[in-house]
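# Examination of the molecular architecture
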Amino acid sequence: MLKNFLEALEITGAAKKLKRVILTAGAKQYGVHLGQPKNPMEESDPWIDGPGRPPNFYYRQQNKIKRESQKCVVGLGGHLPKRCYWRR
């Protein structure tokens, strides 16, 4: 969906008017779906990816926005909570 949206912006010329794109991510950004995460979870935490890890939807979106932003003048914004606590 994000890919189609960004392509539509290019086709219509609206991409030239963009100032920023903001993605909202949830707790899976921090790997809570993979087991007990570290506490507190912080925006500066490294991505949980690599061999043996399932692909993360949020990481793919962020990579796509980063690639697209390099083509034109688009600010990359990502709205993620500064701290996130997860209790079981």
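About the thresholds
Residues numbered from 1 in each chain as written. Predicted model: local features only at pLDDT ≥ 70, side-chain atom pairs only at ≥ 80, totals over all residues. Heavy atoms only, no water. Helix = DSSP H or I, 4+ residues; strand = E, 2+ residues; numbered from the N terminus. Areas by Shrake-Rupley, 256 points an atom, 1.4 Å probe, with all protein chains shown as cover. Core = buried A, V, L, I, M, F, W, Y, C linked by side-chain atoms within 4.5 Å. Buried < 20%, exposed > 50% of the residue type's maximum accessible area, 1.4 Å probe, protein only. Arc of directions from axis to C-beta. pLDDT = per-residue confidence, 0-100. Contact = heavy atoms within 4.5 Å. Salt bridge = Lys/Arg side-chain N within 4 Å of Asp/Glu carboxyl O.

## Remarks on the overall build of the protein chain
- Counting its secondary structure elements, the protein chain contains two helices and four strands.
- Secondary structure elements in the protein chain, listed N-terminal to C-terminal, are α-β-β-α-β-β.
- When the accessible surface of the protein chain is summed, it comes to about 6600 Å², and 56% of that surface belongs to carbon and sulfur atoms.

## Digging into the nonpolar core
- Ranked by size, the top nonpolar core spans seven residues in total: Leu2, Leu6, Leu9, Ala15, Val21, Leu23 and Ile65.
- At the level of elements, helix H1 (2-12) and strand E1 (20-24) are the ones that each hand at least two residues to this core.
- If you tally residues by element for this core, the top one is H1, at three residues.

## Considerations on H1
- Of the positions making up H1, those classed as buried are Leu2, Leu6 and Leu9. Buried residues of H1, viewed axially, fall in a sector of 55°; they line one side. For H1, the exposed residues lying more than 90 degrees away from the buried face are Asn4, Ile11 and Thr12.

## A look at unusual backbone geometry
- Cis geometry marks the peptide bond from asparagine 39 to proline 40; its omega dihedral reads -10°.
- Checked against the element boundaries, proline 40 lands in the loop between E1 and strand E2 (41-42).

## Some words on the confidence of the model for the protein chain
- Residues with a pLDDT of 70 or more make up 80% of the protein chain, whose mean pLDDT is 76.
- Per-residue pLDDT, averaged within each element of the protein chain, yields its smallest value for strand E4 (residues 83-84) (40) and its largest for H1 (87).
- In this model, residues 76-88 is a region of pLDDT below 50 whose contacts with residues beyond four sequence positions or in other chains number 40 contacts.

## Things to note about the side chain of lysine 64
- Within the secondary structure, lysine 64 is located in helix H2 (residues 57-71).
- Here lysine 64 falls in the buried class, since its relative accessible area comes to 17%.
- Residue contacts for lysine 64: discarding those within four places in its chain leaves Leu2, Lys3 and Leu6.

## A closer look at the pattern of salt bridges
- By the definition in use, this model includes two salt bridges.
- Across the salt bridge formed by lysine 3 and glutamate 7, the nearest N and O atoms sit 3.1 Å from each other. With lysine 3 and glutamate 7 both in helix H1 and four residues apart, this pair spans about one turn of that helix.
- For aspartate 45, the salt bridge is made with lysine 38, and the minimal N-O distance between the two is 3.4 Å.
- Residue classification places lysine 38 among the partly exposed residues on the basis of a relative accessible area of 46%.

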